[in-house]
Each structure stands twice: as C-alpha cells, then as structure tokens.
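One letter stands for each residue in the lines below.
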Amino acid sequence: MPFVSQQPLPEGRAAKIVVEHLTIVYSDGRESLRDISLTIPANAITVLFGPAGGGKSTLLRAINRLNDLTDVLRLTGHIRLDGVDILTRETDVIGLRRRVGMVFARPVVLPMTIRQNVTYGLELAGQRDRRRLDDAVHRSLSAAALWDEVHDRLDQPATSLSGGQQQRLCLARVLALEPEVILLDEPTSGLDPISTEKVEFSLNELKANYTIVLVPHSIQQAARMADHAGFILGGELVEFAPGREIFVTPRDPRTQDYVEGRFG
Amino acid sequence: MTRRHGERLATLLIRVAGVSAIAILLTIFAFLVLEGTPTLGEVPLGDLIGARWYPIEDYYGLVPLVLGSLIVTLGATLIAVPLGVTTAVFIAEVAPRSVREVLKPFIEILAGLPSVMLGFLGIVILAPELYSRLNLATGLTAFTGALLLGWIAIPTIVSVAEDALDAVPRAYREGALALGATRWQTIWRVTLPAARGGVLTAVMLGIGRAFGETMAVMMVTGNAAVIPRGLGALFAPARTMTATIAAEMGEVASGSTHYHVLFLVGILLFVISLAVNLVGASVVFRARTRAERILS
Amino acid sequence: MITPLRGRRRRSQWTQRLGFALLTLSAIITTIPIVMIIFVILQRGLAAITPEFLFAFPTDGLKAGGIFPAILGTVYLTLLMTLAVAPLGIAAGVYLAHYAPATPVTRWIRVAILNLAGIPSVVYGLFGLAFFVIFMQFGTSILAGALTLAIMTLPVVITTTEEALRSVPNSFHVVSVSLGGTDWQSVRRLLLPQGLPGILTGVILGLERAAGETAPILFTAAAVYLPRLPTSPLDPTMALPYHLYVVSTQVPGMPPGIQFGTAAVLLILVLAMNLIATIIRSRARARRMW
C-alpha cells in the first residue's frame, strides 16, 4: 500500500482541483493511471514529477479533457474544478478548455502571424472587437515576457521566432483567454537556459493569479518551481507534499531514490 | 446559437458527402445492370459467346470484342511494363536530382495528354509509318493500338512504382552498400524486392488503365470486330470492348437489343476493371495515389 | 588467401555501367515520344491558330473557319463540372481526413473510391446516358455531360483533398482543441486554409483530365455541329476533344491545318493547366509555415 502524504492545505488556500480515485486506461495500455487522488491548491505551482511513462501527461490531459481525443479504454473517478466534476457527459468541455489552458512540450505555433497566434483562442470564442483583441495581445505577451522582443513585428509569421520565443508565444496564447488554470507539460525541454529562465520567471509571476500545474523536465526544475509536488510512478501517486519537504526529506523510499537520481 | 447550428449543418453535410462515394458506385452499377441485363432475355446466351459481332444482322457474339481487348491490352502491357518499371527505377535510383526534376514533369505531362490527341497522332503519323515500314495491309492494327496504349499506360506505372521505390527505407540500401554491393546490385537484390508489392500494384493499375482506354484505341485499331487468328492477328485490325461502345452507341436506338448489349459490354468492362484494380490495390502496400505525389 | 577483389569489382562495375546505361536508355525511350508529340502538334498546328480560328464558327462542313463553339463548349462543361465536383469531393475528403471513424463503413468508402477510380471513361459515358440523359430527362446536354465528368473526376478530388489535409500537422488541431475549438473550427481555420494549395492542385489536374476526355461526353453532351451557341445548360454543345475526334476521323478531305490546329489548342489548354498546377504546388511548398 503506497504511502500517500497529503499535507493539510495552509490557511486561506482553496482547493482548485480535486482528483478523486481517477483511473484511466488507454487502449494501447500506455501511461495509464491507477486510482489517483490528490488536491491541487489554487494560486500556486504544483509540480507532478516522476520517470517517463508514469502517467503525468495522462493526468494533465485529463484535467482539460484532452484525453477525449485519444482512445480511452476505461475511465473512472472524478476531477472536480471548483467543486464541479468535469468528467461528466454534461460538462461543457469547450468552456472547460478556456478555463484550463495547456502549454505543450514542443512549441507548436500555428501557421499565422504572432498576433494571430495570440488572438486565436479569443477568435475561436467569437471575440471580434479589434480593440479587445489588441489589448489581449499586449497583456498576454507582456505576461509571457515576450512583449519587448516582438512588439514591433507582431504581423510577422510566428515561425520567424526562435524556439524559446515560440514557447513563450504559446504561453501568451493560453493567457489571452484569461484561464484560471495553466497546465504545462515539460514546457522548457529543448529550450536554451535563458528562455527556460524567462519561462520560469513568468510562471512565478503568474502564480499569484493562476493555478499552475507543471510537469518539469528535470528534478532541478521541479525543486526550483514547486510550491507543492506529487511523485507519480507507474500510474500511481507515491507521495504528495510541499516542495520544501519532498525534495529534501521525502518520506517514501521510492521518492528518495528518484530524487537522488538512482533511477531516472 | 446560430454558430452552433451552422457547425452542425456543416458537419452533417460533410458526413453525407463522405458516404456519397458508396451511393454513387452503387447507383452506377445499378443503372448498368438495369440497362444491360435485358440482353439476357433478348439474346440467347449461346449467341453471346458466338464468334460474330455484326449487330446489323443481329449477331451479338462478344468473343471478338473480348479477344480484341485482350490482345491490345496484352500488347500494351508488354510495352508499358518493361519501359515503365525501368524508367521508375531510373528516376528513383539512378537519375541525378536535376534530371529527376525534368523527367518527372514530362511523365506527368504524358499522363495529362488527352487520349483523343494521341489517337489523332496515331492515325496521322504512327499508322502510316507502320504501314509503310512493316509492309502491312493497313496501318490501323492491334499492334498500333498496343503501341499507343503502352505509352498511355506508362505514366501510371512510373508514378506508382516510383513511389514504391521511394518508400523503401534508406537503411536497406545503405546496409547493402555497406556490405560492398554496387548500386546496381542493391537495386535488383534489395530495393526492388522490397518494393515488390508497390511495383506490382503499379503494374496492375497500368494494365487497368490500358484496358479501360477508349478513344485512342478506337481511332487506331481499325475497328474490325473479327476474331484474331494466329500471330499475324497482332498486325491486323481489331476491335476492343471500349471502342465498340464508343463507336456504336451513337447510332443505337434507346431500348433496342443492340442498346442493351452495349450496356452488357459495359457491365463486363466495369467488372473486369474492378477486379484488376482491386487485385492491384490489395497487395500489401499503401499505394500512394497521384494526389500524394502531387503534394510531395 | 587474398580474394582477387580487383577482378570481381571490375566486372561488377561493368555490369553496373551497362545496367545504368540501359535504364537511361529506357527513360529516354519513354520520354522522347512525349517531346515529339508536343513538337509535331505545335509545329503543324500553331500556324493555324489565328484569331479567326479561335473565335469563329466552323464553316464548309467543318473544313474551314474556326472552332470557337468547341472551345466554349469545353469551357462550359469544365466550369459546370467543377461547380458540381469541388464541393462534394472536397467535403468527402474532409470527412475522410478528419471525421471518419475507424469503422468498417469507412473502409467501404475507401474501397468505393478505389473502384470509382478504376472505371473506364466510356462506362461513365454509359452511366451518364442511362442516368442523366434518360432517367433524369436532361437529354443530351451540357448538364448531363458536366455531371458525368464530375462523377468521373470525383475520386481524384476526394483523394487529393484527403492527402492535402492529412499533410497538415495534427498538432495544429490538438492546439486548437486545447484552446476550446471544435472539430469544425479546426477544419475551417487550419486544415482547409493550409491544405488549400494541394486541394487546388488536385482540382486543376482533375479539370485538365476532364477537358480532354471524349468518351464521357460522347453520348451525354456532345454534338458534331451546332449552328448556334448553347443558351442553357440543357442544350447540347460542341466540345474540343470531340471536335478533334470528328475532324480527324469523320470528315473526308479535312485540311490538316484544321486538324492540327484543333489538336494544338487542346494541347496548349492542357499544358497550361499543368503549368498552373505546378506553379501552385511549388509556391505552396516555398511558403509553407511548417
């Protein structure tokens, strides 16, 4: 029986997302989740770390129902966003995805201009007011620490940006919709250190107003960024604790082994 | 919300369009059968397998037509397959990039040339040449048709075979070369066998193309619906199934026996082409279509 | 023992040289007639292409004058055909690329398309006669001919569209969905715009083929000679490929100028469409943003 450590949430911290006994099995058997339960607090960075294939991405994609695009064999359990289960048939999935944004591992810029990339989500939602859109562009690119670099060439193709800039553009794209939750799946893998630093900086600024769930691409990043962290191994949640604790004094031996690099 | 409704409508129309291909195919078959099967009531089966096709006097023997198609298609295949496959090998394995860039468009041009234009040149240039050089009774023979058809079928074979060769993983070739094989040996012992399925598909599609061709053959084969006899038959006039329909349907009264028989010939063509194309496509190789070639 | 590598290598080198030479020869044999065809038709036909030839009616039993009604007829037929085949074919391609589930029905659809692609053009003509001309009572008309051509071209358009849409990276769709987009929004905003050059190329090549086809219009639309231009889609029409057939086989004493002139016009039309498609294709490849 795995030892799950769940620290009581500090005063004033609401539970933004509650995962209850979630089990997901894909039809090809990969990256499944087994009976995972955890609470993701609001306005903080929660890190989900662990070896590849353990189910971190699956969990992330369950929160914005992106799993709907894949062949899921079995799905049981609940995920409650502000108390409301989002895994039901009645869930407004499109609305959900506007409240819960996602940044992927490889920067995928849409084949349009920088400006159009940022406003894409808003245009999907039917926003046409030119001024609102321009405001959103300014706001989001600033929050993603990209405004200074691109403000004078917003109508150039997004592919003209460097890798790090593209990823920040993807972050800006998500921010334009003013979500409540931001999911990031190894967002800085493949980025140079400076871009990584900029992204991490942005996330730290953003967490005051957003709930952030981050799958890091290294233990060091996990330790740097985590307010709270969960160690996911083989589809199970092994341990969940504040960042200060889990990387320094993990309670489960498996966590300890992983944190100390005995397996990767 | 009207946007939601617009989207529902669009999605519905798309789904309907998707299924339409099946509906259309079935409709085509249905109407062919509708107009063709009355033949079986009007013409005794024994007549249909007869050796004389002379509708004016009520002779509806299909054999000369079928044999005519067979001979011309066979001849075309004997020309198109060697030339087509070797040209495909040339393009895929031997030609330098600059030559490729010139050759492929040319093959594509050939694919786009209307068959009536080729038939025209066949009448005006090819037939007289063959007539004088080969000392024949006429230049309009099965051989002329086979020659023309062969070239018409080549682009089909070249494009599909070339795609098949391109799809062979580089590792195969590199492995062979690393073992000391020459490029030539690699082609014939490694690459071509690996692409065997696709090349076979290419050949079958080429045969299908030749078999279904109408105008070019109609114009140059002399249109004599007689049973070919002996080897000399290749150099005598002949008549294919396709040419028969094209040549005679214009003068036929709708609903007459002749009309029904021509539709029966159409059913035959439909079924045989289908068989050839299905065999070709079912071979284990995802035959990249012309479309994909267009985009690559 | 040291194997006599040099002897063996030299022989296999010679085999390769010979083999490559044969392959080159084969490619040359395949290509030379193409060059000759274009050369001969243009050489003997270009001279006949005068403004009068292009814009006047045939006279003297087709043996003199121009071929304007044939050219116009082909334009009408192909335009109407495109109106019919493009929406249906593109929509079906969208379905196969984006909406079709992995069920047996989808496989049947693909089989049906494969079958349709293999049907001889004259059989399409038969179907057009039985269905459009007689059953739908359109008579021998531009409408019947165009619809027959449309059905014949359908497989090509569907397949081209599907391949064009599939070549667009799926990650675009995933991103769009993650931002709250629907399937249709992905199609409308990403797949179709990005796949458009490929789709266009396919439509043009389908057009090119249809413009040159005779068998499907033989009994559905074509007339040997009409004294007046068609005024409605229910009128029959002259057509370029059919006209070439007529002037090269049906009229004794036809001046070669008329024959080669007609062939040249058809050739130029076909080559032009080929060129346009090629240009679209290469420009698209250069401007691709992925």
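Structure shown above.
This is a predicted model, so every value here is computed, not measured. Every chain's residues receive numbers from 1 upward, in the order its sequence appears when written. By the order in which they are written, chains take letters starting at A while ligands take numbers starting at 1. Only residues with pLDDT of 70 or above have their local features reported here, since the model is predicted, and side-chain atom pairs are shown and tallied only from 80 upward, although totals for entire chains, interfaces and linings are computed over all residues. Side-chain numbers here rest on the full set of heavy atoms in the structure, without hydrogens or water.

Before going further, it helps to examine the overall build of chain C. In terms of helices and strands, chain C carries eleven helices and two strands. Listing the helices and strands of chain C from first to last along the sequence gives α-α-β-β-α-α-α-α-α-α-α-α-α. Each radius of gyration is computed over the set of C-alpha atoms, and the globule rule expresses the reference value as 2.2 Å times the number of residues to the power 0.38. Relative to the globule expectation of 19 Å for 290 residues, the C-alpha radius of gyration of chain C, 24 Å, shows a markedly less compact shape. The dimensions of chain C, computed from C-alpha atoms along their principal axes, are 85 × 65 × 35 Å. Burial classes follow relative accessibility: with a 1.4 Å probe on protein chains only, a residue under 20% of its type's maximum area counts as buried, one over 50% as exposed, and anything between as partly exposed. Every one of the 290 residues in chain C was classed for burial, and the buried ones make up 57%. We call two residues in contact whenever any of their non-hydrogen atoms come within 4.5 Å of each other. Taking the contacts inside chain C whose residues are at least 6 apart along the sequence as the reference set, 76% of them involve residues at least 24 apart. Summed over all atoms, the accessible surface of chain C reaches about 12300 Å², with 67% contributed by carbon and sulfur. Taking the 20 positively charged and 8 negatively charged side chains of chain C as two groups, their mean positions are separated by 21 Å. Counting from the N terminus, the helices are the DSSP runs of H or I reaching at least four residues and the strands are the DSSP runs of E reaching at least two. The protein chains shown are the only cover counted for residues, whose accessible areas, like all others here, come from Shrake-Rupley with a 1.4 Å probe. Neither His nor the chain ends contribute to the count of charged residues, in which Lys and Arg are positive and Asp and Glu negative. Throughout, a charge is located at the NZ atom of Lys, the CZ atom of Arg, the CG atom of Asp or the CD atom of Glu.

The next point concerns the sheet that holds strand β4 (residues 72–81) of chain A. Where strands meet in a sheet, backbone hydrogen bonds hold them as pairs that are either parallel or antiparallel. All names here are of chain A. Two strands are counted as paired when DSSP detects at least two bridges linking them. Taken in spatial order, the four strands of this open sheet run β2-β1-β4-β5, and their pairing is antiparallel. Because the sheet does not close on itself, it has two edges, and the strands there are β2 (33–41) and β5 (84–85). Here β4 runs beside β5; their pairing, made up of two bridges, is antiparallel. Paired with leucine 81 across the bridge in β5 is valine 84. The axes used here are C-alpha line fits, helices contributing only the stretch in contact, and every angle between their N-to-C directions lies in the interval 0 to 180 degrees. Helix α1 (residues 56–63) rests against β1 (15–26), β2 and β4 of the sheet, and its axis sits at about 120° to β1.

This paragraph deals with the interface of chain C and chain B. With 83 residues of chain C at the interface, the matching set in chain B holds 80 residues. The quantity reported as buried area is the accessible area (1.4 Å probe) lost by two parts once they are put together, taken as the sum for both. Roughly 7000 Å² of surface becomes buried between chain C and chain B when both sides are summed, with 79% attributable to carbon and sulfur atoms. Here, a salt bridge means any side-chain nitrogen of Lys or Arg that lies within 4 Å of a carboxyl oxygen of Asp or Glu. Here chain C and chain B share one salt bridge between them. By the criterion applied in these results, polar contacts are pairs of N or O atoms within 3.5 Å in which, for protein atoms, one can donate a hydrogen and the other can accept it, and in which residues neighboring in sequence qualify only through two side-chain atoms. The interface formed by chain C and chain B includes nine residue pairs in polar contact (both at pLDDT 80 or more). For the side of chain C that touches chain B, the leading source of residues is helix α1 (residues 5–45) of chain C, giving 20 residues. All residues other than Ala, Val, Leu, Ile, Met, Phe, Trp, Tyr, Cys, Pro, Asp, Glu, Lys and Arg, Gly among them, are scored as polar; the first ten of these are nonpolar and the last four charged. Classifying every residue of the side of chain C that touches chain B gives 54 nonpolar, 23 polar and six charged.

Residue and element names in this part refer to chain A. Sheet analysis places β1 next to β2, joined by six bridges and oriented antiparallel. When the bridges of β2 are listed, valine 19 appears paired with leucine 38. A loop of six residues connects β1 with β2, the two strands running antiparallel in sequence, and glycine 29 in this loop sits at a positive phi of about 80°. Summarising the sheet, β1 and β4 pair through eight bridges and their orientation is antiparallel. Paired with threonine 23 across the bridge in β4 is threonine 76.

This part covers unusual backbone geometry. One non-glycine residue, Asp35(A), lies in the positive phi region at around 50°. Inspection of the secondary structure assignment puts Asp35(A) in strand β2. Among the residues examined, Asp35(A) registers a relative accessible area of 46% and is labelled partly exposed. Its identity is not glycine, yet Gln137(C) carries a phi of approximately 60°, on the positive side. Structurally, the position occupied by Gln137(C) is in the loop between α5 (121–135) and α6 (142–166).

We now examine the nonpolar core. Formed by 261 residues in total, the largest nonpolar core has its most connected members in Phe49(A) and Ile28(B). The element that contributes the greatest number of residues to this core is helix α7 (residues 142–166) of chain B, accounting for 14 residues. If we ignore the near neighbours within four places in the chain, the residues touching Ile28(B) are Phe270(B), Leu116(C), Ile119(C), Tyr124(C), Phe127(C) and Ile151(C). What is meant by a nonpolar core is a set of buried Ala, Val, Leu, Ile, Met, Phe, Trp, Tyr and Cys residues, joined one to another through side-chain atoms within 4.5 Å.

With that out of the way, let us pick up the side chain of Lys16(A). All names here are of chain A. One can find lysine 16 in strand β1. Polar contacts involving the side chain of lysine 16 include one to the side chain of glutamate 180, which spans 2.8 Å. When sequence neighbours within four positions are dropped, the list of residues in contact with lysine 16 reads Ile40, Pro41, Ala42, Arg80, Leu81, Asp82, Glu180, Val181 and Thr211.

This next bit is on the packing of aromatic side chains. One pair of aromatic rings is described through two measures. These are the centre distance and the angle between the planes. Pairing of aromatic side chains requires ring centres within 6.5 Å, counting the rings of Phe and Tyr and the six-membered ring of Trp. Pairs whose planes differ by under 30 degrees are stacked, by over 60 edge-to-face, and all others tilted. If you walk through the whole model with that rule in mind, you get 20 aromatic pairs over all chains. Here Phe31(B) and Phe127(C) contribute two aromatic rings whose centre-to-centre distance is 6.1 Å and whose plane-to-plane angle is 80°, an arrangement assigned as edge-to-face. Of the two residues, Phe31(B) sits in helix α1 (residues 2–36) while Phe127(C) sits in helix α5, which places them in two different chains. For the pair formed by Phe31(B) and Phe127(C), the shared burial category is buried.

Taken as a whole, this structure holds 34 salt bridges over all chains when the rule is applied. The salt bridge involving Glu162(B) is made with Lys104(B); its shortest N-O contact spans 3.4 Å. A residue pair is termed long-range when its members are at least 10 positions apart, and Glu162(B) in helix α7 and Lys104(B) in helix α5 (residues 97–112) qualify at 58 residues. For Glu162(B), a relative accessible area of 2% puts it in the buried group. Residue classification places Lys104(B) among the partly exposed positions, given a relative accessible area of 24%. In this structure, Glu248(B) engages Arg239(B) in a salt bridge whose closest nitrogen and oxygen atoms are separated by 3.1 Å. Classification of Glu248(B) by relative accessible area gives buried; the value is 9%. Members of the salt-bridge network, linked through shared partners, are Lys16(A), Asp82(A), Arg99(A) and Glu180(A).

Bear in mind that shape data such as this cannot, by itself, settle questions of function.
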